[in-house]
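Observations on the three-dimensional arrangement
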Amino acid sequence: MTIRHDRIAINPLQWIATEDGWIDPALAPALPERLKAIHAAGIAAVHADVPAQMSAAEYGRLLGEHGLAPAPGYISGPLPRTRAACANCSTRPTASAPRWPNWACPSSSWPPG
C-alpha cells in the first residue's frame, strides 16, 4: 500500500516533550515557527489544535499561509502491551529509530498515582 504524501500529518509533540517523558507546552516555540519547520520538513498537514487566543478561521488562515492543512490528531497503530514489547521505548526517538514515548509503555509509571 502506498501512502500519498498529502495524507501524512504530524502531531508536533516533539517540541513539548520533556527529558522524563512528560509534556510541557511552555517548551514549544511560537506557533508560526513550528508551522514553518513542519512545512520545511515536507509534511503537508498538522494536528488541528486551535490556540485559545485564535478563532478557527484565523488558525485555518495561519495554516494556509504555511502551506499546511488541518488533520485529526490520533495514532493509528497498536501500543505496546508488555514489558518485552516495550524494549523500543524512549523519550527521544530519532528518524532511524522511531520509538514509543515512555508514557505509552506498560513498564512506565503511567498513569501517575
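Quick notes on the rules
Here the residue numbering is sequential within each chain, running from 1 through the sequence in written order. Per-residue local features are limited, in this predicted model, to residues with pLDDT of at least 70; the limit for side-chain atom pairs, both in listing and counting, is 80 or more; totals at the level of whole chains, interfaces and linings are taken over all residues. Heavy atoms from the whole structure form the basis of all side-chain values; hydrogens and water molecules are not counted. As used in this record, nonpolar core signifies buried Ala, Val, Leu, Ile, Met, Phe, Trp, Tyr and Cys residues forming a set joined through side-chain atoms within 4.5 Å. Exposure is judged per residue with a 1.4 Å probe applied to protein chains only, and the accessible area is read against the type maximum: over 50% gives exposed, under 20% gives buried, and values in between give partly exposed. Segments assigned H or I by DSSP are reported as helices when at least four residues long, segments assigned E as strands when at least two residues long, and all are numbered from the N terminus. Throughout, a contact is declared for two residues whenever any of their heavy atoms are within 4.5 Å. What the arc describes is the spread of directions from the helix axis to the C-beta atoms. pLDDT is a residue-level measure of predictor confidence that goes from 0 to 100.

1. Some points on the nonpolar core
Among the nonpolar cores identified, the biggest contains nine residues, and these are Ile10, Leu31, Leu35, Ile38, Val46, Tyr59, Leu62, Leu63 and Leu68. Listing elements by their share of this core, those giving two or more residues are helix H1 (31-40) and helix H2 (56-65). Dropping the residues within four chain positions of it, leucine 31 is found in contact with Pro51, Met54, Tyr59 and Leu62.

2. Let's talk about the environment of proline 70
Structurally, proline 70 is set in strand S3 (residues 69-71). For proline 70, a relative accessible area of 53% corresponds to the exposed category. Proline 70 sits 22 residues away from alanine 48 along the chain, and the two C-alpha atoms are 4.9 Å apart.

3. Some details on the environment of tryptophan 15
Looking at where tryptophan 15 falls in the secondary structure, it is placed in the loop between strand S1 (9-10) and H1. With relative accessibility at 25%, the residue tryptophan 15 sits in the partly exposed group. When the C-alpha positions of tryptophan 15 and leucine 27 are compared, they lie 6.4 Å apart, and in sequence the two are 12 residues distant.

4. Description of H1
The set of residues buried in H1 consists of Leu31, Leu35 and Ile38. Along the long axis of H1, the arc covered by the buried residues comes to 60 degrees, so they all point the same way. For H1, exposure combined with an orientation more than 90 degrees from the buried face picks out Glu33, Lys36 and Ala40. Structurally, H1 contributes buried residues whose contacts are with S1, strand S2 (45-47) and H2.

5. Quick look at the confidence of the model for the chain
If pLDDT is low for a region, its predicted coordinates should not be looked at in detail. This prediction gives the chain a mean pLDDT of 75; 60% of its residues lie at or above 70. Of all secondary-structure elements in the chain, the lowest mean pLDDT belongs to S1, at 82, while H2 reaches the highest, 96. Counting contacts from residues 109-113, a segment whose pLDDT is below 50, to residues more than four positions away or on other chains yields three contacts.

6. Overview of H2
Buried within H2 we find Tyr59, Leu62 and Leu63. Taken around the axis of H2, the buried residues stretch over an arc of 100 degrees, which confines them to a single face. Elements that come into contact with the buried residues of H2 comprise H1, S2 and S3. After H2 finishes, the residue glycine 67 shows a positive phi value of roughly 70 degrees.

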